[in-house]
Amino acid sequence: MTRTAPSSILGLTAADLKPTAEFAAWCDAHDPLASFRDEFEIPRGADGRPVSYMVGNSLGLMAKTSRRLVTEELDDWATLGAEGHVHGRRPWVWYHEHFRSGLASLAGAKESEVVAMNTLTANLHFLLMSFYRPAGARRRILVERGAFPSDRFAVRSFVRAIGGEEAIDVVEVAPREGEECLRHADIEATIAREGDSLALVLLSGVQYYTGQVLDIANITRAAHAVGARCGWDLAHAMGNVELRLHDWGADFACWCSYKYLNGGPGAVAGAFIHERHHGTPPPRLEGWWGTNPSNRFEMGPRFEPGPGADAWQVSNPPILSLAPLRASLDLFQKAGMESLVCKARAMTGFIEMALRDRGANGVRILTPPATSERGCQLSISLEGPPERARRVFESLKPRGVYCDFRHPRVIRAAPAPLYTSFGDCWRLVDAIASVL
Ligand SMILES: *Cc1c(COP(=O)(O)O)cnc(C)c1O
């Protein structure tokens, strides 16, 4: 059976991939998203060439317009002082509103359901306060054993702070013995088993270590079926996989903006609160920025909530840490998540196949093989002694390939379809294969 060759990388299927440098070059020449790469500053290696940047899941690269957007705010501050709050070119009082449409489209949410605010772990605490409300026998929170440490610390400290008992109230799901990824059946069985004792399910949309994508729609449904709420940490999901939080019914979600969203170091994070909680909101920790902007400055004693998710804001936002995110969200809007996901799948498929073809023995991919169960990340386990794994990892940077390393033997490679080329992917493969 023969297929006509696709005219662009967006039409590639697994069967079209070839593990060669020539194929990578063909992909770059037939990539309708290729020009977005020019919109980013790409660090250069010792040879002066842009590096193969595979750590966008740690800190996404800087969109070139970020510099201008930050400078404009500095200029308004310099020339207007406090007047900038209302008379700046983008008045700071309403500044967070510029992020609504971009965040809503990436989250698959209504604009009223998202807000750019705080940082990720802070948002986790705020949202736990609203949505983890243990009462009577329903007091448990289901999390993942291998969760990112900050999430673990947030949940456990929160449980203690409200007088709960970690050992009883925190229930964990984990991969089976000898496996790396969670099984959906196990998650759903745990939810069903906990039943009436479960107050909240809190998981990651994309697991940071393995790159596994969880089925948000079905897990949320399973949580709701036993009367629990369901919230999501989307640190590795926003801007990486397609999301439909509103339709999937998630109660809440939060994410950081410096990974796939390229918002810059420590960028302002974001939160989603489903519309069903807007009318009769659960208890929440409040601050003046959550009040209605039309009378916020009357400084009245009563908290009159602003619309939707905005009411969860507590403080006036750090404008300089928000500005770069505008640049990146704009690029996401232009490129479109659907195309980005197509390219991402082609890139991880290509890296995986090429690694195998180059006889990179002793390499095991922990990320699920199904494209629907992975984002744009491959977690590459280098089997054998950890010292060897370290050595392989340390040989990458001098070759102009930036990845990250998770003790004891996992290299995480996260190409970013907005700015990573197939040539970059080939360099990664070449670098690993040549040292193994
Ligand atoms: C990156 C990441 C964090 C980091 O938390 P900050 O509050 O942004 O420092 C937390 N949780 C997860 C799952 C992450 O991937």
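Our subject is the structure that appears above.
Caption draft 1: Structural context of the site of the ligand. Taken together, Leu-120, Thr-121, Phe-148, Ser-150, Asp-151, Asp-233, Ala-235, His-236, Cys-256, Tyr-258 and Lys-259 make up all the residues around the ligand. Side-chain polar atom of Thr-121 to an oxygen atom of the ligand: 2.6 Å apart, as the coordinates give it. Here the ligand loses 84% of its free accessible area of 390 Å² to cover by the protein chains. Of all the elements in the fold, those that place two or more residues in the shell around the ligand are α5 (120–131) and α6 (149–161). Counted by class, the shell around the ligand contains five nonpolar, three polar and three charged residues.

Caption draft 2: Structural view of helix α8 (residues 184–194). Those residues of α8 that sit buried are His-184, Asp-186, Ile-187, Thr-190, Ile-191 and Glu-194. Structurally, α8 contributes buried residues whose contacts are with β5 (140–144), β6 (170–173), β7 (198–204) and α9 (216–225). With its phi angle positive at about 45°, Gly-195 sits one or two positions after the end of α8.

Caption draft 3: How the structure looks around the side chain of Asn-240. With respect to the secondary-structure elements, Asn-240 resides in the loop between β8 (229–233) and α10 (245–248). A polar atom in the side chain of Asn-240 sits 2.9 Å from the backbone oxygen of His-236. Filtering out sequence-adjacent residues up to four positions away, Asn-240 remains in contact with Val-206, Tyr-260, Met-337, Val-341, Gly-375 and Cys-376.

Caption draft 4: The sheet that holds strand β11 (residues 363–365), seen in detail. Judged by pairing direction, the sheet is antiparallel, and its four strands sit side by side in the order β11-β12-β15-β14 without closing on themselves. The open sheet terminates on both sides in strands that have one partner only, identified here as β11 and β14 (404–406). Across the sheet, the mean angle separating the axes of adjacent strands is 30° when strand polarity is ignored. Here β14 pairs with strand β15 (residues 410–413) via three bridges, running antiparallel. In the strand pairing of β15, Phe-405 is matched with Ile-411. This element, helix α12 (residues 337–357), spans β11 and β12 (378–382) of the sheet and lies at about 20° to β12.

Caption draft 5: Highlighting unusual backbone geometry. In this structure, Pro-408 follows His-407 across a cis peptide bond, with omega equal to 0°. The topology assignment puts Pro-408 in the loop between β14 and β15. The phi angle at Asn-118 is positive, at roughly 55°, despite the residue not being glycine. Along the chain, Asn-118 turns up in the loop between β4 (114–116) and α5. Of note in this structure, Met-299 is not a glycine but carries a positive phi near 60°. For Met-299, the position within the fold is in the loop between β10 (270–273) and α11 (319–335). What makes Met-299 exposed here is its relative accessible area of 58%.

Caption draft 6: Geometry of the pattern of salt bridges. Counting across every chain of the model gives 34 salt bridges. Here Arg-90 makes a salt bridge to Glu-72, at a shortest N to O gap of 2.8 Å. Taken as a pair, Arg-90 in the loop between α3 (84–87) and α4 (100–107) and Glu-72 in helix α2 (residues 65–80) lie far apart in primary sequence, 18 residues in all. Each member of the pair, Arg-90 together with Glu-72, is buried. Close ionic contact of Glu-180 with Arg-364 constitutes a salt bridge, the shortest N to O distance being 3.2 Å. A residue pair is termed long-range when its members are at least 10 positions apart, and Glu-180 in the loop between β6 and α8 and Arg-364 in strand β11 qualify at 184 residues. Residue Arg-364 is classed as partly exposed on the basis of its relative accessible area of 35%. Via salt bridges that share partners, Arg-145, Arg-152, Arg-156, Arg-160, Glu-166 and Glu-172 belong to a single interconnected network.

Caption draft 7: View of the environment of Ile-351. Mapped onto the secondary structure, Ile-351 falls in helix α12. With 62 residues separating them in the primary sequence, Ile-351 and Ala-413 have C-alpha atoms 9.6 Å apart. Once residues lying within four places of it in the same chain are set aside, the contact partners of Ile-351 are Leu-378, Pro-415, Cys-425, Leu-428 and Val-429.

Caption draft 8: Examining the packing of α2 against α11 more closely. At their nearest, the axes of α2 and α11 sit 8 Å apart, and the two run at 145° to each other. Like other packed secondary-structure pairs, α2 and α11 cross with a definite hand, here right-handed. Every residue of α11 that contacts α2 at Thr-65, Ser-66, Leu-69, Val-70, Glu-73 and Leu-74 is listed here: Ile-319, Leu-320, Ala-323, Pro-324, Arg-326 and Ala-327.

Caption draft 9: Focus on the side chain of Glu-194. Mapped onto the secondary structure, Glu-194 falls in helix α8. A polar side-chain atom of Glu-194 sits 2.7 Å from a polar atom in the side chain of Arg-140.

Caption draft 10: Examining the pairing of β8 more closely. The buried fraction of β8 amounts to four of the five residues, a majority that puts the element mostly inside the structure. Sheet topology places β7 next to β8; five bridges connect them, and they run parallel. Looking at β8, one finds that Leu-202 is bridged to Gly-231. For the handedness criterion, the β-α-β arrangement of β7, α9 and β8 is classed as right-handed.

Each value, and the rule that gives it
Residues numbered from 1 in each chain as written. Predicted model: local features only at pLDDT ≥ 70, side-chain atom pairs only at ≥ 80, totals over all residues. Heavy atoms only, no water. Near = heavy atom within 4 Å. Polar contact = N/O pair within 3.5 Å; in protein donor to acceptor, adjacent residues only side chain to side chain. Areas by Shrake-Rupley, 256 points an atom, 1.4 Å probe, with all protein chains shown as cover. Helix = DSSP H or I, 4+ residues; strand = E, 2+ residues; numbered from the N terminus. Nonpolar A, V, L, I, M, F, W, Y, C, P; charged D, E, K, R; others polar. Buried < 20%, exposed > 50% of the residue type's maximum accessible area, 1.4 Å probe, protein only. Contact = heavy atoms within 4.5 Å. Pairing = 2+ DSSP bridges. Axes fitted to C-alpha atoms, helices over the stretch in contact; angles between N-to-C directions. Salt bridge = Lys/Arg side-chain N within 4 Å of Asp/Glu carboxyl O. Left-handed = near helix turned anticlockwise from the far one by under 90°. Right-handed = clockwise from strand over helix to strand, strands pointing away.

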